[in-house]
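Chain by chain, the residues:
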Protein chains: 2
Amino acid sequence: MKLTIEPLTHEAFAPFGDVIDCDGAARHYTINEGYAERYHDLATIDVAADGGRPLVNIFRAKPRMLPLRITMLERHPLSSQAFIPLAPVPFVVVVATPGPAPQPRDIRCFKTRGAQGVNYARGIWHFPLIALEPAQDFLVIDRGGQGENCDVVDYSELILVG
Amino acid sequence: MKLTIEPLTHEAFAPFGDVIDCDGAARHYTINEGYAERYHDLATIDVAADGGRPLVNIFRAKPRMLPLRITMLERHPLSSQAFIPLAPVPFVVVVATPGPAPQPRDIRCFKTRGAQGVNYARGIWHFPLIALEPAQDFLVIDRGGQGENCDVVDYSELILVG
């Protein structure tokens, strides 16, 4: 099966977590005597389970070629995980509706607009980072701490993106 | 007095917090079957005091003109605050050595290299965001929660950057 690539919107992505951007922000206000607009509280950082703490990392990604075969999904049962591109370049996000073992028909695929990041809610199945451009850097906010925090499900069916 | 603008390095900035970049990262390793390099744990996010939680925001900044007069500094006694540019464009950081009321001679000024962010450690005095380009967006990681989290010190002396 071939997944349809949908545009990333707050509404469509709501079951999976947060879209991190300015255009869809519910709240913003002016600070610093007019020198900045604060787009406020854009993601639920959920990393405190079992004594966890927020980690800030940069992922330097190699590009994937489309069509891309989705052979597996992973989830982090103890934490959210946010990806924000450090240049306004689109990337692709593959997620599945919540549940113990998503079927191929449960998989959704989104392409970002450029100046957009995502935050996977705790436990949301997703494919690893899919960058489309060479040496693209992403700020990643996830969890440090004890505990097993990665489940994987494999797919033998042919599932293609793009 | 006129502040000297120094290049931002991990070593020079260490008294004030973290430089968030790949080049100076102490630890990095390959993940996602070779499709990403993880530059690991780049900033100490210190926001849990008094029941605080991490907030993720975007600041859309208007450019400042240099030379810029430093009329005040602020600090957040309950939290760190990180600024990561969402395009690899330099910006200017003004901080002061820790203490209750920094003197003008205690103020330091740094210019980033482009693909660099900073994280002010909890309680570090700093000037608000100094962007140099039009409509520059920054990811900001700070604190949500109760409590008074901003102190300000004013300067009547002429202190200039740039």
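Anything mentioned here points back to the structure above.
**Considering the relation of the copies chain B and chain A**
Alright, step 1. The two copies are related by a screw operation: chain B maps onto chain A through 180° of rotation and 0.0 Å of translation along the axis, at an RMSD of 0.0 Å. Between the two chains, the operation in question is that of a two-fold axis.

**Here's the deal with the environment of A:Gln146**
Alright, step 1. You can see A:Gln146 is positioned in the loop between strand S14 (136-144) and strand S15 (151-154).
Alright, step 2. Distance from A:Gln146 to A:Arg53, taken between C-alpha atoms, is 9.9 Å for residues 93 residues apart in sequence.

**Remarks on the side chain of A:Glu37**
Alright, step 1. Turning to its location among the elements, A:Glu37 is positioned in strand S5 (residues 36-39).
Alright, step 2. A polar contact of 2.7 Å, which involves the side chain of A:Glu37, links it to the side chain of A:His28.
Alright, step 3. The contacts of A:Glu37, once residues within four sequence positions are left out, are A:His28, A:Tyr29, A:Thr30, B:Ile58, B:Phe59 and B:Arg60.

**Examining the side chain of B:Arg143**
Residues and elements named next belong to chain B.
Alright, step 1. Inspection of the secondary structure assignment puts Arg-143 in strand S14 (residues 136-144).
Alright, step 2. A distance of 3.4 Å separates a polar side-chain atom of Arg-143 from the backbone oxygen of Val-47.
Alright, step 3. In this structure the side chain of Arg-143 is engaged in a polar contact, spanning 2.9 Å, whose partner is the backbone oxygen of Ala-49.
Alright, step 4. Not counting residues up to four positions away in its chain, the partners in contact with Arg-143 are Val-47, Ala-49, Asp-50, Gly-52, Arg-53, Leu-55, Leu-78, Ser-79 and Asn-149.

**Some thoughts on the sheet that holds strand S7 (residues 68-69) of chain A**
All names here are of chain A.
Alright, step 1. Read across the open sheet, the three strands follow the order S1-S16-S7; overall the sheet is mixed. Edge strands, defined here as strands with exactly one partner in the open sheet, are strand S1 (2-3) and S7.
Alright, step 2. Relative to strand S16 (residues 160-161), S7 runs antiparallel, the two being bridged by two bridges. In the strand pairing of S16, Leu-68 is matched with Val-161.

**Some thoughts on the sheet that holds strand S3 (residues 17-20) of chain B**
Alright, step 1. The antiparallel open sheet is built from seven strands, whose spatial order is S4(A)-S5(A)-S6(B)-S14(B)-S9(B)-S12(B)-S3(B). Two strands lie at the open edges of the sheet, namely strand S4 (28-31) of chain A together with S3 of chain B, each paired on one side alone. Adjacent strand axes in the sheet meet at a mean angle of 20° when their direction is disregarded.
Alright, step 2. Note that strand S9 (residues 81-85) of chain B and S14(B) share four bridges and pair antiparallel. Looking at the pairing, B:Ala82 lines up with B:Ile141 of S14(B).

**Here we look at the pairing of S14(B)**
Residues and elements named next belong to chain B.
Alright, step 1. Extensive coverage of S14 is indicated by the burial of nine of its nine residues.
Alright, step 2. Relative to S14, strand S6 (residues 53-61) runs antiparallel, the two sharing nine bridges. Bridge pairing links Ala-61 to Gln-136 in S14.

**Here we look at the environment of B:Ile58**
Alright, step 1. Secondary-structure assignment places B:Ile58 in strand S6.
Alright, step 2. Each C-alpha atom, one on B:Ile58 and one on B:Ile20, is 16 Å from the other, the two residues being 38 residues apart in sequence.
Alright, step 3. Once residues lying within four places of it in the same chain are set aside, the contact partners of B:Ile58 are A:Ile20, A:Asp21, A:Cys22, A:Glu37, A:Arg38, A:Tyr39, A:Leu42, B:Leu86, B:Asp137, B:Phe138 and B:Leu139.

**Re the interface of chain B and chain A**
Alright, step 1. Contacts between the two partners involve 39 residues from chain B and, on the opposite side, 39 residues from chain A.
Alright, step 2. Regarding the contact of chain B and chain A, the summed buried area is about 3400 Å², with carbon and sulfur atoms giving 59% of it.
Alright, step 3. When the buried area of chain B at its contact with chain A is split by residue, B:Tyr35, B:Val56 and B:Ile58 rank highest and sum to 19% of it.
Alright, step 4. One can count four salt bridges joining chain B with chain A.
Alright, step 5. The closest approach of N and O atoms between A:Asp142 and B:Arg38, which form a salt bridge, is 2.9 Å.

**Observations concerning the packing of aromatic side chains**
Alright, step 1. Tallied over the entire structure, the rule returns 14 aromatic pairs over all chains.
Alright, step 2. With 6.5 Å between their ring centres and 50° between their planes, A:Phe13 and A:Tyr120 make a pair best called tilted. With a gap of 107 residues between them, A:Phe13 in helix H1 (residues 10-13) and A:Tyr120 in strand S12 (residues 117-120) connect regions that are remote in the sequence. Judged on exposure class, the residue A:Phe13 and its partner A:Tyr120 are both buried.
Alright, step 3. Among the aromatic residues, ring-to-ring pairing joins A:Phe13, A:Phe16, A:Phe59, A:Phe83, A:Phe110 and A:Tyr120 into one connected group.
Alright, step 4. Over the ring of B:Tyr35 we find A:Arg64; its NZ or CZ atom is 3.9 Å from the centre of that ring.

Conventions used here
Residues numbered from 1 in each chain as written. Chains lettered and ligands numbered in written order. Predicted model: local features only at pLDDT ≥ 70, side-chain atom pairs only at ≥ 80, totals over all residues. Heavy atoms only, no water. Least-squares fit on C-alpha atoms with pLDDT ≥ 70 in both. Helix = DSSP H or I, 4+ residues; strand = E, 2+ residues; numbered from the N terminus. Polar contact = N/O pair within 3.5 Å; in protein donor to acceptor, adjacent residues only side chain to side chain. Contact = heavy atoms within 4.5 Å. Pairing = 2+ DSSP bridges. Axes fitted to C-alpha atoms, helices over the stretch in contact; angles between N-to-C directions. Buried < 20%, exposed > 50% of the residue type's maximum accessible area, 1.4 Å probe, protein only. Buried area = accessible area lost by both parts, 1.4 Å probe. Salt bridge = Lys/Arg side-chain N within 4 Å of Asp/Glu carboxyl O. Phe/Tyr/Trp six-rings, centres within 6.5 Å; stacked < 30°, edge-to-face > 60°. Lys NZ or Arg CZ within 6 Å of the ring centre and 35° of its normal.

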